[in-house]
Structures are given as structure tokens and as C-alpha cells.
Amino acid sequence: MSEYHDWRSDPATDKQKAYIAEMQEFSEIPLPPFTGKTKGEAADYINRHIKTAHERILEHHEDWGDIHG
């Protein structure tokens, strides 16, 4: 009988932590702090905030269409 191992409960990897730190550092839109400890929490954070981390502040400006349209 094999024992099921849930990868989500393993500690977050150094690669995940480094990627989250880069997302936070380079995002023009402030991201919330990452307070998780596990791979699953890190994966969820990345998935939840990756789009925001790559958006530009100007895209959220009311006059975006007037400036570029």
C-alpha cells in the first residue's frame, strides 16, 4: 500500500521564494507580502498575483485610452 504525499504541504522552494521576491520588487503595482511557508501557498500566491506583477501602472490610469487611443 502506497502512502499519498501532498506536495503542497512541503516547504516552499528557494526558487519559489526568489520568484515571489522578484515579483514584489519589480511590480509597478504593490503586491501584498507573502506570509506562506509551503509549496502550495507559494504556488497559490504566484498564480494569484502574477498578472498584477506584470501590469504597468499606466494601464490603470483613467486617461489610458485618451493617451494611447
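As shown above, the structure is provided for reference.
Report follows, based on the coordinates. (Residues numbered from 1 in each chain as written. Predicted model: local features only at pLDDT ≥ 70, side-chain atom pairs only at ≥ 80, totals over all residues. Heavy atoms only, no water.)

All right, on to the overall build of the protein chain then. Within the protein chain one finds 3 helices and 0 strands. Taken from N to C terminus, the helices and strands of the protein chain fall in the order α-α-α. Evaluated residue by residue, the protein chain yields a buried proportion of 26% over its 69 residues. Counting contacts in the protein chain only where the partners sit at least 6 residues apart, residues at least 24 apart contribute 61% of the total. (Helix = DSSP H or I, 4+ residues; strand = E, 2+ residues; numbered from the N terminus. Buried < 20%, exposed > 50% of the residue type's maximum accessible area, 1.4 Å probe, protein only. Contact = heavy atoms within 4.5 Å.)

A few words on the nonpolar core. By size, the foremost hydrophobic cluster in this structure holds 8 residues: Ala-12, Ile-20, Met-23, Leu-31, Ala-42, Tyr-45, Ile-46 and Ala-53. Those elements giving two or more residues to this core turn out to be helix H1 (14–26) and helix H2 (39–53). Sorting elements by how many residues they give to this core places H2 first, with 4 residues. In this view, Ile-46 contacts Gln-16, Tyr-19, Ile-20 and Met-23; residues no more than four positions away in its chain are not counted. (Core = buried A, V, L, I, M, F, W, Y, C linked by side-chain atoms within 4.5 Å.)

In the contact formed by H1 and H2, the axes pass within 10 Å of each other and the chain directions differ by 25°. Classified by the angle their axes make, H1 and H2 are roughly parallel. Every pair of crossing elements has a handedness; the one defined by H1 and H2 is left-handed. Contact residues: H1 offers Gln-16, Tyr-19, Ile-20, Met-23 and Gln-24, while H2 offers Lys-39, Ala-42, Ala-43, Tyr-45, Ile-46, His-49, Ile-50 and Ala-53. Looking at the contact of H1 with H2 residue by residue, the class counts come to 9 nonpolar, 3 polar and 1 charged. (Axes fitted to C-alpha atoms, helices over the stretch in contact; angles between N-to-C directions. Parallel < 35°, antiparallel > 145°, perpendicular 65-115°, else oblique. Left-handed = near helix turned anticlockwise from the far one by under 90°. Nonpolar A, V, L, I, M, F, W, Y, C, P; charged D, E, K, R; others polar.)

Turning our eyes to something else, we now look at the packing of aromatic side chains. With the rule as written, the count across this model stands at 1 aromatic pair. When the centroid spacing of 5.4 Å and the interplanar angle of 70° are considered together, the rings of Phe-34 and Tyr-45 count as edge-to-face. Of this pair, Phe-34 sits in the loop between H1 and H2 while Tyr-45 sits in helix H2, and the two are 11 residues apart along the sequence. (Phe/Tyr/Trp six-rings, centres within 6.5 Å; stacked < 30°, edge-to-face > 60°.)

Structurally, the position occupied by Ala-42 is in helix H2. Take Ala-42: its relative accessible area is 0%, and that puts it in the buried class. With 22 residues separating them along the chain, Ala-42 and Ile-20 place their C-alpha atoms 7.9 Å apart.

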